[in-house]
Number of protein chains: 2
Amino acid sequence: MSVVLVGADVDALSGLLVLRERQKLDVFAPRPILDLLAANQIFDVLDPALVRRIEVVPLEPMPCGGGLTLTLLPMPGKIPLYREDRSAAQPEPGPTFSALLQADGRSMIVAPACAEITDEVRARLRADVVFFDGTLFTDDEMIAAGMGEKTGRRMGHVPISGPGGTLERLRDLPGRRIFLHINNTNPILLAGSPERSAVEAAGFEVAYDGMEVRL
Amino acid sequence: MSVVLVGADVDALSGLLVLRERQKLDVFAPRPILDLLAANQIFDVLDPALVRRIEVVPLEPMPCGGGLTLTLLPMPGKIPLYREDRSAAQPEPGPTFSALLQADGRSMIVAPACAEITDEVRARLRADVVFFDGTLFTDDEMIAAGMGEKTGRRMGHVPISGPGGTLERLRDLPGRRIFLHINNTNPILLAGSPERSAVEAAGFEVAYDGMEVRL
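Residues numbered from 1 in each chain as written. Chains lettered and ligands numbered in written order. Predicted model: local features only at pLDDT ≥ 70, side-chain atom pairs only at ≥ 80, totals over all residues. Heavy atoms only, no water.

1. Remarks on the side chain of Asp133(B)
Residues and elements named next belong to chain B. Of note, Asp133 is situated in strand S8 (residues 129-133). For Asp133, which is buried and forms no salt bridge, the nearest opposite charge comes from Arg153, at a distance of 10 Å. Only 3.0 Å separates the side chain of Asp133 from the backbone nitrogen of Cys114, close enough to count as a polar contact. Here His157 takes part through its side chain, which lies 2.6 Å from a polar atom of the side chain of Asp133. (Helix = DSSP H or I, 4+ residues; strand = E, 2+ residues; numbered from the N terminus. Buried < 20%, exposed > 50% of the residue type's maximum accessible area, 1.4 Å probe, protein only. Lys, Arg positive; Asp, Glu negative; His and termini not counted. Salt bridge = Lys/Arg side-chain N within 4 Å of Asp/Glu carboxyl O. Polar contact = N/O pair within 3.5 Å; in protein donor to acceptor, adjacent residues only side chain to side chain.)

2. Examining the interface of chain B and chain A
With 24 residues of chain B in contact, the opposing surface of chain A contributes 24 residues. Of the roughly 2,000 Å² buried where chain B meets chain A, counting both sides, 57% is carbon and sulfur surface. The shortest N-O distance in the salt bridge between Arg86(B) and Asp47(A) comes to 3.8 Å. Connecting chain B to chain A are 10 residue pairs in polar contact (both at pLDDT 80 or more). Here the side of chain B that touches chain A gets three residues from one element, more than from any other, and that element is helix H1 (residues 10-13) of chain B. Looking at the side of chain B that touches chain A residue by residue, the class counts come to 12 nonpolar, four polar and eight charged. (Contact = heavy atoms within 4.5 Å. Buried area = accessible area lost by both parts, 1.4 Å probe. Nonpolar A, V, L, I, M, F, W, Y, C, P; charged D, E, K, R; others polar.)

3. A short note on the relation of the copies chain B and chain A
Mapping chain B onto chain A leaves a residual RMSD of 0.0 Å; the transformation is a rotation of 180° accompanied by 0.0 Å of translation along its axis. The transformation relating the two chain copies, once decomposed into turn and shift, fits a two-fold axis. Considering only C-alpha atoms, the part of chain B nearest the rotation axis is Asn40(B), at 2.3 Å. (Least-squares fit on C-alpha atoms with pLDDT ≥ 70 in both.)

4. A word on the pairing of S8(B)
Residue and element names in this part refer to chain B. With five of five residues buried, S8 is to be regarded as a mostly interior element. Where strand S7 (residues 106-111) and S8 come together, four bridges link them in parallel fashion. Across the sheet, the residue bridging to Met108 is Val129, located in S8. Remark: the S7/helix H3 (residues 119-124)/S8 crossover connection has right-handed handedness. Bridge count between S8 and strand S9 (residues 176-180): five bridges; the pairing is parallel. Paired with Asp133 across the two strands is Leu180, which belongs to S9. (Pairing = 2+ DSSP bridges. Right-handed = clockwise from strand over helix to strand, strands pointing away.)

5. Describing the pattern of salt bridges
Residue and element names in this part refer to chain B. Counted according to the given criterion, the structure contains 32 salt bridges over all chains. Residue Lys78 pairs with Asp9 through a salt bridge whose shortest N-O separation is 3.9 Å. With Lys78 in the loop between strand S5 (69-74) and strand S6 (97-103) and Asp9 in the loop between strand S1 (2-4) and H1, the pair connects residues that are 69 residues apart, well separated along the chain. A relative accessible area of 10% means that Lys78 is categorised as buried. Here Asp9 falls in the partly exposed class, since its relative accessible area comes to 26%. Among the salt bridges present, the one from Glu55 reaches Arg31, with a minimum N-O distance of 2.9 Å.

6. Some remarks on the pairing of strand S3 (residues 51-55) of chain B
Of the pairings in the sheet, the one linking strand S2 (residues 25-29) of chain B to S3(B) comprises five bridges and is parallel in character. If you follow Leu25(B) over to S3(B), its bridge partner there is Val51(B).

Purely spatial values, then, with no claim about function.
What follows is the structure, encoded as structure tokens:
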């Protein structure tokens with residue numbers, strides 16, 4: 001089994017702690033994320049005799065098991081919350097990637113976090129299927145819901161709607177586009193909501209538990 | 001809400017990482033466990049503005065919220081797996097406690113890990129209800145099942161059966177005795193098994209998901 005780490009936030013790393021039952025495992029990650037694993041001794045619960053930590057150099061394709069080729073694509077993003085200055089108005093840039101997986105001429109990108117869809121990001125998101133950051137529908141959604149004090153962009157997540165949002169910037173992307181990493185404040189989770197209709201009308205899908213995608 | 005940390009192994013600490021959604025929380029722990037939290041930066045995901053880390057001095061009663069008084073009782077145990085020398089034949093002693101909770105003249109002890117039931121341990125386990133380490137039924141159960149290379153005692157868990165085991169050493173304990181922290185190799189999980197009958201005949205109960213205990 002292989003695990004690819006594309007970010008270092010708790011939701012990306014903590015799953016490793018439940019994979020500790022003496023399973024043989026390869027963990028692929030770029031250097032800054034491997035350094036964070038090394039700096040947090042609790043991850044040594046993964047037995048080095050069974051779990052290899054393998055460095056991936058961004059933008060350099062490498063085999064990652066199961067006949068797949070992995071390429072890490074750098075994305076605009078921030079350092080993990082647990083390393084942040086919580087009072088900072090602007091987030092400090094930090095290790096954020098998407099994973100391009102290729103086999104038999106087919107391709108898939110998994111991009112659970114992206115702070116801004118730059119022209120470079122747009123150019124990189126070319127695959128038969130793109131799973132993309134669907135954290136928030138509107139940038140101030142957490143604030144409006146009384147669930148937090150940060151905008152989506154402050155949290156390192158471009159919103160789906162609004163100027164510079166995903167609907168605007170990725171509407172014409174070829175291939176299937178599927179939102180994942182969806183926060184529980186995001187109304188696209190509600191079947192029949194205007195927001196759900198808006199993303200579907202723009203050709204986006206909404207991931208769900210148990211979803212299967214065939215390439 | 002309060003959390004009491006009685007050990008520093010991953011199963012004791014990793015739950016903190018899912019309590020990160022800006023909940024107000026008090027974490028009670030002895031100094032060595034607070035030090036381990038501090039040494040693993042990933043736990044800083046708990047916002048210091050909302051989550052207090054409160055030192056508990058073992059054997060000194062202190063209020064812990066909800067009208068409860070908490071006393072940490074030292075137990076024989078080992079350092080967490082992620083700090084171990086994996087090749088060591090004997091485990092290094094480390095921070096292992098049980099939690100005595102008292103209110104309105106009633107008492108409960110939660111002791112998910114105990115490497116040996118010494119006379120001192122026996123004397124400390126006095127409460128209306130004692131939840132006790134039920135990891136393994138036999139000391140070599142993991143080895144016999146091909147699930148690991150360690151005995152229960154090497155893992156810091158006294159077995160239920162055999163010489164010096166829990167049935168022998170805690171059979172005459174007053175109050176309810178309920179096994180918890182039960183490994184999936186332990187046959188007491190199977191209703192109707194001889195091992196289940198043996199613990200029930202000795203007056204022990206077996207905890208289950210959703211169990212409610214009224215004092």
